[in-house]
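So you can see what is in the structure, the chains are spelled out below.
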Amino acid sequence: MKIAVLDDYQNVAREMADWSALPSSAEIEVFQDHLANEDRLVERLQSFNAVIGMRERTPFPRSVLSQLPDLKLLITTGGRNASFDVDAATELGIVVCGTGGAGEGPTELTWGLIIGILRKIPQEDRLTREGRWQTTIGVGLKDKTLGLIGLGHIGGLMARVGNAFQMNVIAWSQNLTAQRAAECQATLVDKDTLFRDSDIASVHLRLSDRTRDLVGAREIALMKPTSYLVNISRGPIINEAALVDALERKAIAGAALDTFDVEPLPAGHPFLRLDNTIIAPHLGYVTEEGYRAFYAGAIEDIRAYAAGEPVRVINPDVLAAPQLRPQA
């Protein structure tokens with residue numbers, strides 16, 4: 001079996017797990033660079049039987065999968081992957097598996113971004129190194145209003161920390177109930193109220209047809225000029241053009257962002273030149289604990305597939321047809 005490990009940006013995949021646990025016949029090739037061009041990606045992966053993708057760094061739409069006849073096993077780190085065309089994989093007889101994870105990296109990073117932008121930490125770090133001492137005045141968290149757009153697992157943890165900081169926690173999402181909000185010590189409000197009242201509005205939703213462009217020009221226009229917008233979920237949930245316009249006009253105080261419409265963020269993107277942003281390169285899940293769990297899970301997936309008993313299968317229908325069942 002030939003195995004490709006994609007998008008190992010930090011060149012750490014080989015040291016994060018025991019790859020010797022794979023069958024001795026397995027050939028592993030790790031790619032540190034990212035290929036956005038589909039033709040180049042297809043050319044690279046032609047001879048591989050298994051591919052390990054790191055979250056959603058490299059999409060696998062039908063147009064790519066249909067050109068990889070030798071591909072039998074596609075693995076995403078984590079439990080799901082919106083950039084994998086699972087239906088196409090099923091039709092093509094490709095087994096798609098996920099992995100577990102570890103830690104609470106996204107929640108922790110969100111608070112790092114919030115404190116970083118309110119206290120101007122990146123700016124003060126840079127200016128201190130340049131010989132300038134105390135150039136800004138920060139904003140505290142106590143008694144500020146934290147607006148959570150989404151109150152699932154991460155949103156719930158965000159609410160817990162917000163309450164520890166003695167913040168006023170409010171929340172909204174399309175299906176949020178007052179009971180769930182109360183469980184998280186948050187107050188359920190309507191969408192407009194959340195954007196009007198929040199000092200910090202933080203997005204914690206999955207990307208879907210319902211959430212794409214959920215935060216647009218209208219919602220941003222409701223925000224106070226002293227408020228901040230934070231997004232560690234998925235870039236397209238916030239309309240980028242609307243956010244750039246608001247930041248350029250100083251209509252809001254700033255934005256702290258870990259996800260974008262196009263990743264890696266293209267050179268020359270407006271976010272890179274704006275002085276009222278903190279930009280992180282999709283670091284939410286990038287922790288040592290998370291990587292070790294991801295790669296260990298991928299190895300388990302390959303071993304189980306090779307044994308004819310795949311685990312954590314995202315598209316179980318692929319196993320229904322006898323001719324598509326994995327062979328040892």
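Keep in mind it's a predicted model, so treat the numbers as computed, not measured.

What counts, and at which threshold
Residues numbered from 1 in each chain as written. Predicted model: local features only at pLDDT ≥ 70, side-chain atom pairs only at ≥ 80, totals over all residues. Heavy atoms only, no water. Core = buried A, V, L, I, M, F, W, Y, C linked by side-chain atoms within 4.5 Å. Buried < 20%, exposed > 50% of the residue type's maximum accessible area, 1.4 Å probe, protein only. Helix = DSSP H or I, 4+ residues; strand = E, 2+ residues; numbered from the N terminus. Contact = heavy atoms within 4.5 Å. Phe/Tyr/Trp six-rings, centres within 6.5 Å; stacked < 30°, edge-to-face > 60°. Pairing = 2+ DSSP bridges. Axes fitted to C-alpha atoms, helices over the stretch in contact; angles between N-to-C directions. Salt bridge = Lys/Arg side-chain N within 4 Å of Asp/Glu carboxyl O.

### Topic: the nonpolar core
Generally speaking, soluble globular proteins have nonpolar side chains that are buried together. Counting residues in each nonpolar core, the largest one holds 28 residues, and the members touching the most others are Ile149, Leu194, Val215, Ile220, Leu229, Leu243 and Phe271. Of all elements in the fold, only β7 (168-172), α8 (191-197), β9 (200-203), α10 (240-248) and β11 (254-257) reach the threshold of two or more residues within this core. Contacts of leucine 194, omitting those with residues within four sequence positions, involve Gly147, Leu148, Ile149, Ile170, Ala171, Trp172, Val189 and Ala201.

### Regarding the packing of aromatic side chains
For the structure shown, the criterion picks out seven aromatic pairs. Ring plane angle 85° and centroid distance 5.4 Å describe the contact between phenylalanine 60 and phenylalanine 84, whose orientation is recorded as edge-to-face. Taken together, the residues span a long stretch of sequence, with phenylalanine 60 in the loop between β3 (50-53) and α2 (62-65) and phenylalanine 84 in the loop between β4 (73-76) and α3 (86-91) at a distance of 24 residues. Assigned by exposure class, phenylalanine 60 and phenylalanine 84 land together as buried. With centroids separated by 6.0 Å and ring planes inclined at 50°, the aromatic side chains of phenylalanine 260 and phenylalanine 271 adopt a geometry described as tilted. Of this pair, phenylalanine 260 sits in the loop between β11 and α11 (270-273) while phenylalanine 271 sits in helix α11, and the two are 11 residues apart along the sequence.

### Description of the sheet that holds strand β10 (residues 228-231)
One key point about sheets: their strands pair by backbone hydrogen bonds, in either a parallel or an antiparallel sense. If you walk across this open sheet you meet the seven strands as β8-β7-β6-β9-β10-β11-β12, and the pairing is parallel. Edge positions in the sheet fall to β8 (187-188) and β12 (277-279), since each has one partner strand and no second. Pairing analysis gives four bridges linking β9 to β10, with the strands arranged parallel. Pairing of valine 203 across the sheet is with asparagine 231, part of β10. Here α10 sits on the sheet and contacts β10, β11 and β12; the angle it forms with β11, its principal contact strand, is near 135°.

### Thoughts on the pattern of salt bridges
Taken as a whole, this structure holds 16 salt bridges when the rule is applied. With its nearest N and O atoms 2.8 Å apart, the salt bridge here joins lysine 224 to aspartate 199. With lysine 224 in the loop between α9 (217-222) and β10 and aspartate 199 in the loop between α8 and β9, this pair connects stretches of sequence that are 25 residues apart. Take lysine 224: its relative accessible area is 28%, and that puts it in the partly exposed class.

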